[in-house]
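Summary of structural features
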Amino acid sequence: MVWGVWGPVAAALAVVLMVIAAWTGWRLLRFRSAQVALMQLLRHRREGRMDVRVKVLERGVIGGLVDAVDTLLADLETAQDETLQERSKLISIMSHLVSGVIVIDKAGKIILVNHATEELLGISEAEIVGRWHWEAGHHYGLSSLVDEAIAGGVVLKREVQLHKPKDMTIEAHVTPIQQASGVVAGAVVLLHDVSEWKRLEYMRSDFVANVSHELKTPITALKGFAETLLDGALNDLPTARQFVEIMREEADRIGRLVEDLLDLSRIEAKQIELHPEPVDARWLLQKTVELYSFQAVEAGVKLSYRVDCEGECLAHADGDRLQQILINLVSNALQFTRAGGEITLAVEVAGDRLVFAVEDTGVGIPASDLGRVFERFYRVDKARSRQSGGTGLGLSIVKHLVEAHGGHVGVHSEVNQGSRFFFDVAGLALTTEEEV
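What counts, and where the lines are drawn
- Residues numbered from 1 in each chain as written.
- Predicted model: local features only at pLDDT ≥ 70, side-chain atom pairs only at ≥ 80, totals over all residues.
- Heavy atoms only, no water.
- Helix = DSSP H or I, 4+ residues; strand = E, 2+ residues; numbered from the N terminus.
- Buried < 20%, exposed > 50% of the residue type's maximum accessible area, 1.4 Å probe, protein only.
- Contact = heavy atoms within 4.5 Å.
- Areas by Shrake-Rupley, 256 points an atom, 1.4 Å probe, with all protein chains shown as cover.
- Phe/Tyr/Trp six-rings, centres within 6.5 Å; stacked < 30°, edge-to-face > 60°.
- Salt bridge = Lys/Arg side-chain N within 4 Å of Asp/Glu carboxyl O.
- Core = buried A, V, L, I, M, F, W, Y, C linked by side-chain atoms within 4.5 Å.
- Polar contact = N/O pair within 3.5 Å; in protein donor to acceptor, adjacent residues only side chain to side chain.
- Expected span 1.5 Å × (residues − 1).
- Pairing = 2+ DSSP bridges.
- Axes fitted to C-alpha atoms, helices over the stretch in contact; angles between N-to-C directions.
- Disulfide = S-S within 2.5 Å.
- Parallel < 35°, antiparallel > 145°, perpendicular 65-115°, else oblique.
- Left-handed = near helix turned anticlockwise from the far one by under 90°.
- Nonpolar A, V, L, I, M, F, W, Y, C, P; charged D, E, K, R; others polar.

On to the overall build of the protein chain, then. Scanning the protein chain from terminus to terminus reveals 12 helices and 12 strands. When each of the 436 residues of the protein chain is scored for burial, the buried share is 36%. Within the protein chain, contacts between residues separated by at least 24 positions form 60% of all contacts whose residues are at least 6 apart in sequence. Accessible surface for the protein chain amounts to roughly 26,200 Å². Of this, 58% is attributable to carbon and sulfur atoms.

So, in structure tokens, the structure goes:
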């Protein structure tokens, strides 16, 4: 009786339980499928296999989660690719910049530099990236400028002196990197080497001062003698004649200075035309010696020439300009060679070049001055040079004319032992009749 009542109930309950168990198993199976699919998806994306898709039996919340993760990872991959492309572009741009670039994070550490920075600071990228900016070469002036810009959140520009790897003047621009909230997240530093600009600026200033000084001396002399003549010296004919002679010499000196300035200006601006032709070096030296023979006799100096060539010795150069070079060098040697001394002009073959030299037994040049003797208006013995009527531009003209010929000019000298100025030009090989 009891079984007859509960039997159907038990059977129904068993069926329900079996249905629940089957449904639960089915749900667990779909959940496990989604879990496996999610793990496969993450593994594929980690391996960079963006084109592989996974099948998910569960299309409900779990399936949606897998799809959302798949979309999110794809978006992250795209964003990463774009970031890498932008970084590659940035690195490419920075590598071609002639100015140094340093990127610093908000903690003060260097995160990016370009090749120009490595050359300026004399330190490699591997040594500098990841370090505090004040450790990068230990340049206090540059580091303090960066700290000031980051702390104040303002753009700063300043010239700083660097002494490593060499002495130079750097113009540094520091621009803070600000987030949307206004918080400073770092800084970008641009470094420009302005050492050459500063040197040229100094040379221009020095040039103006020198020209003013060179012109002031003869102009003052002309004015003084003219006033003396007007005050009555005209009536004293011997004195008046002497004053007029001096005035003429000073006027000639001004003329030489102006002519040298114009000549040097044209040479530096490459406004002169050279007319290369075969020039007989022996004839050129002989002509220069003859030209200065009278001055050499007056100065008590022996002037001669020497040709260390076998057969003819021909230069491929502008003959007039080549003689101008030798004239300036001989004139310079006469200024600094005492009576009883010697000046020798020489030429020799060095490969396909001819090397000319002007050697003297004069006072010589101190080692500290050797590097500057070819500068405009630079004089080792200023008083003696002016007394001899020199303009201070002769050696500078020599240097530019030699370089215009594609040659090199130099000097070897010792104090009280004399000097040897030398330069080279292209030689011209001769062809004998048998070789034709």
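This next bit is on the packing of aromatic side chains. Pairs of aromatic rings are described using the distance from one ring centre to the other and the angle between the two planes. Scanning the entire structure with this criterion turns up three aromatic pairs. Aromatic side chains Phe-225 and Phe-243 sit 4.8 Å apart centroid to centroid with 50° between the ring planes, which places their arrangement in the tilted category. Taken as a pair, Phe-225 in helix α6 (residues 195-230) and Phe-243 in helix α7 (residues 237-268) lie far apart in primary sequence, 18 residues in all. A relative accessible area of 15% places Phe-243 in the buried class. Relative to Phe-421, the ring of Phe-374 has its centre 6.0 Å away and its plane inclined at 85°; by these criteria the two rings are edge-to-face. One end of the pair, Phe-374, is in the loop between β10 (353-360) and α11 (382-387); the other, Phe-421, is in strand β12 (residues 418-426), with 47 residues separating them in the sequence. Given the relative accessible area of 3%, Phe-421 is considered buried.

Pairs can form between side chains of opposite charge once their charged atoms are near each other. Evaluated as defined, the whole model comprises seven salt bridges. A salt bridge links Glu-148 to Arg-158; the shortest N-O distance between them is 3.2 Å. Here Glu-148 is found in helix α5 (residues 140-152), whereas its partner Arg-158 is found in strand β3 (residues 156-162), with 10 residues between them in sequence. Using a relative accessible area of 40% as the deciding quantity, one classes Glu-148 as partly exposed. Judged by relative accessible area, which is 34%, Arg-158 ranks as partly exposed. Notably, a salt bridge pairs Glu-359 with Arg-420, separated by 3.2 Å at the nearest N-O pair. Of the two residues, Glu-359 sits in strand β10 while Arg-420 sits in strand β12, which places them 61 residues apart along the sequence.

The topology assignment puts Asn-416 in the loop between β11 (409-414) and β12. Sequence separation between Asn-416 and Thr-337 is 79 residues; the distance between their C-alpha atoms is 9.8 Å. Filtering out sequence-adjacent residues up to four positions away, Asn-416 remains in contact with Arg-338, Gly-362, Val-363 and Gly-364.

So, about the nonpolar core. Soluble, globular proteins show a tendency: their nonpolar side chains are buried together. Counting 44 residues, the largest nonpolar core has Leu-322, Val-347, Phe-356 and Phe-423 as the members making the most contacts within it. Among the elements that take part in this core, helix α10 (residues 319-335) stands out by supplying seven residues, more than any other.

Turning our attention to the side chain of Asn-114. Mapped onto the fold, Asn-114 is located in the loop between β2 (110-113) and α3 (115-121). Judged by its relative accessible area of 3%, Asn-114 is buried. Within polar-contact distance, the side chain of Asn-114 engages the side chain of Thr-117 at 2.7 Å.

Before going further, it helps to examine α10. For an α-helix the count is 3.6 residues per turn, leaving residues at separations of three or four pointing the same way. Spanning 17 residues, α10 covers 25 Å between terminal C-alpha atoms, matching the ideal 24 Å at 1.5 Å per step. Taken across its 17 residues, α10 has 14 buried, putting it largely inside the fold. One side-chain oxygen of the residue at the start of α10 lies 3.2 Å from the amide nitrogen of Asp-320, identifying that residue as Asp-318.

Here we take up the sheet that holds strand β9 (residues 342-350). Read from one edge of the open sheet, five strands run β7-β9-β10-β12-β11, paired in mixed fashion. Of all strands in the sheet, those bounded by a partner on one side alone are β7 (302-308) and β11. Strand after strand, the sheet turns through a mean of 15° between neighbouring axes, direction not considered. In this fold helix α8 (residues 281-291) packs onto β7, β9 and β10, with an angle of close to 180° to the strand it touches most, β7.

Another point: the state of the cysteines. Here the structure, examined in full by the defined rule, presents one disulfide. Here Cys-309 engages in a disulfide with Cys-313; their sulfurs sit 2.3 Å apart. Each member of the pair, Cys-309 as well as Cys-313, carries the same accessibility label: buried.

Put simply, α10 and helix α12 (residues 394-404) touch, their axes get as near as 9 Å, and they point 150° apart. Relative to α12, α10 is oriented roughly antiparallel. Regarding α10 and α12, the two cross each other, and that crossing is left-handed. Between α10 and α12, the residues in contact are Arg-321, Gln-324, Ile-325, Asn-328, Leu-329 and Asn-332 and Gly-394, Leu-395, Ile-397, Val-398, Leu-401 and Val-402, respectively. Residues belonging to the contact of α10 with α12 are distributed by class as follows: seven nonpolar, four polar and one charged.

Attention shifts here to the pairing of strand β4 (residues 168-178). Sheet analysis places β3 next to β4, joined by seven bridges and oriented antiparallel. The partner of Glu-159 across the bridge, within β4, is Glu-171. Linking β3 back to β4 in an antiparallel pair, the connection comprises five residues. When β4 meets strand β5 (residues 184-193), the two strands line up antiparallel, connected through nine bridges.

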